[in-house]
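# Understanding the architecture of this molecule
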Amino acid sequence: MIFSELIVNSVWQNPLLATTNEAENAPIVLAGVLLSLIVIYLASKIGGELSKMIDLPPVLGELLGGVLVGASALNLVVFSESGAAASDSIIMTILQFINDISPEAVTSIFQSQSEIVSVLAELGVIILLFEIGLESDLKELQKVGSQAVVVACVGVAVPFAAGTTGLMLLFNVPVIPAIFAGAALTATSIGITSKVLSEIGQLKSREGQIIVGAAVIDDILGIIVLAVVASLAKTGEIDILNVIYLIVSATVFLIGAILLGKYFNQTFVAIANKLQTRGNLIIPALIFAFFMAFLGNAIHLEAILGAFAAGLVLDETDKRKELDEQVKPIADILVPVFFVTVGAKVDLGVLNPLVPENRAGLIIAAFLIVVAIIGKIVTGWSVFGQDGINRLAVGAGMIPRGEVGLVFAGIGAASGTLDKPLQAAIIIMVILTTFLAPPLLRFAFKQSPAEKESLEKANLIG
């Protein structure tokens, strides 16, 4: 004990010694990161494949794979910023056994390894939002018109207001976490909804066009809301002038980027065409995406808002399809790190009903699920001027939170805004709404044999 105190004191008094020790531990830190990535990729791939086999979005399998290897079960991927100690990590135990390192060194190695994996996860969410921006077709949005705008605004306002107010009044949740949880209820996963609509042949129906258009607008509004609440979380207090500044600056930043993008697109394509070496398209695109992410962060918004704006801008270029294909392999490498990390940081043990103090978290989870479903179902009844519209289908199509809801949960947890019960409640809400949406959509569009036969004849005649 005396010897270890002497070492700590000597390191404190001699920074050069500390630097030397860090340099000596660097290979072990790298080994820890590599082992973590092996576990993360195995969890994401196995979980994604199993999810695909039962006709569910692969992202759900990645999330559940993260839960399995994380703090809730195997303790293979755990993080110091979530309150875990080096002794909680199975990977650190393996490294300590192989290298015979001191407990002090293990703690330092664990912290460094956690930070590196967390940074990779942050890069993953930036690439994810850049990819979502690339997939959001602004021209298609204009065709859908006012119907999708109304549905999207109702789909954001109702669950946000109901969730935030309910958490504060019914459960005495502090203002900032309540706002963050309410914001997590606003998202809609366009990827999951589009996939289901395509599978049941309703993607080009009136309802399908409204749902997809509203989901895209939902994403844009959701990213603005996320930028605002994440910035509020950093300051720790609500200043009305600051909120107004954040909303205005986020809106101006997004719209300004899109408008300026029309002039930037020609320059971008010209540069890409002149470059002769590998990466002539993807590298300039990533430079632009990371610059926009940096700019968003520099003006006290979120980096992901900048990445999303960059995707929207480059979506208008002639190189969009080619760029979209080149971004996918990068997303395949980094995005699973984000989803598995989000799942790994969730401790579902805080929702164990056998522990009395956990029951409040379960009640909050049930409340969020009810608000999440009803808050989107009502959007179907906000459609106006459309006779014979399937309002239940419109509402059901807006239910899945998917990857966008996980972005909220991940950033809320990383900022320290969400405590473990509230974070776990949001994750459960995301999982259940994403599971429920496909069967609900199929049920809403279910037709009688006569109607189906009539539709098929109409298609044949057309």
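Residues numbered from 1 in each chain as written. Predicted model: local features only at pLDDT ≥ 70, side-chain atom pairs only at ≥ 80, totals over all residues. Heavy atoms only, no water.

### Details of the overall build of the chain
When helices and strands are tallied, the chain shows 19 helices and zero strands. Split into buried and exposed, the 462 residues of the chain put 50% on the buried side. For the chain, the proportion of contacts with a sequence separation of at least 24, taken over those separated by at least 6, is 78%. Total accessible area computed for the chain in this model is approximately 21900 Å², and 66% of it derives from carbon and sulfur atoms. (Helix = DSSP H or I, 4+ residues; strand = E, 2+ residues; numbered from the N terminus. Buried < 20%, exposed > 50% of the residue type's maximum accessible area, 1.4 Å probe, protein only. Contact = heavy atoms within 4.5 Å. Areas by Shrake-Rupley, 256 points an atom, 1.4 Å probe, with all protein chains shown as cover.)

### A closer look at the nonpolar core
For soluble globular proteins, nonpolar side chains are generally found buried alongside one another. Among the nonpolar cores identified, the biggest contains 93 residues, and L129, F130, L368, V407 and I426 are the most heavily contacted of them. When residues in this core are grouped by element, the largest group, 11 residues, is from helix α10 (residues 206-235). Every residue in contact with V407, bar those within four places of it in the chain, is listed here: V125, L128, L129, L226, I304 and F338. V29, A43, V69 and F79 belong to the second-largest nonpolar core, a separate cluster that totals 26 residues. (Core = buried A, V, L, I, M, F, W, Y, C linked by side-chain atoms within 4.5 Å.)

### With respect to helix α4 (residues 90-99)
When α4 is considered as a whole, its buried residues turn out to be I91, M92 and L95. With its buried residues spanning 95 degrees around the axis, α4 presents them on a single face. (Arc of directions from axis to C-beta.)

### Remarks on a nonpolar patch on the surface
Taken together, the side chains of L35, I38, L42, I46, L50, M53, I54, I90, I94, F97 and I98 define a hydrophobic patch exposed on the protein surface, amounting to about 1200 Å² of accessible area. Mapped onto the nonpolar patch, the elements with two or more residues apiece are α2 (15-53) and α4. The element best represented in the nonpolar patch is α2, accounting for six residues. By the element assignment, L35 lies in helix α2. (Patch = residues over 30% accessible without salt bridge, like charges linked within 9 Å, V, L, I, M, F, W, Y side chains within 5 Å. Salt bridge = Lys/Arg side-chain N within 4 Å of Asp/Glu carboxyl O.)

### Side note on unusual backbone geometry
Trans is the prevailing form of peptide bonds, just as negative phi is the prevailing case for residues other than glycine. Despite not being glycine, N75 shows a phi value in the positive range, around 55 degrees. Among the structural elements, N75 can be located in the loop between α3 (58-69) and α4. On the basis of relative accessible area, N75 is assigned to the partly exposed category, the value being 24%.

### Notes on the packing of aromatic side chains
One pass over the full model with this rule turns up two aromatic pairs. Ring centres of F338 and F339 lie 5.4 Å apart, and the angle between their planes is 55 degrees; this geometry places the pair in the tilted category. Residues F338 and F339 agree in their burial class; the two are buried. (Phe/Tyr/Trp six-rings, centres within 6.5 Å; stacked < 30°, edge-to-face > 60°.)

### Quick notes on the packing of helix α12 (residues 282-298) against helix α14 (residues 320-345)
Relative orientation of the contacting elements α12 and α14 amounts to 75 degrees, with a least axis distance of 10 Å. Our classification of the angle between α12 and α14 gives roughly perpendicular. When α12 is examined against α14, the residues I282, A285 and L286 are found in contact with a partner set consisting of L323, Q326, V327 and I330. (Axes fitted to C-alpha atoms, helices over the stretch in contact; angles between N-to-C directions. Parallel < 35°, antiparallel > 145°, perpendicular 65-115°, else oblique.)

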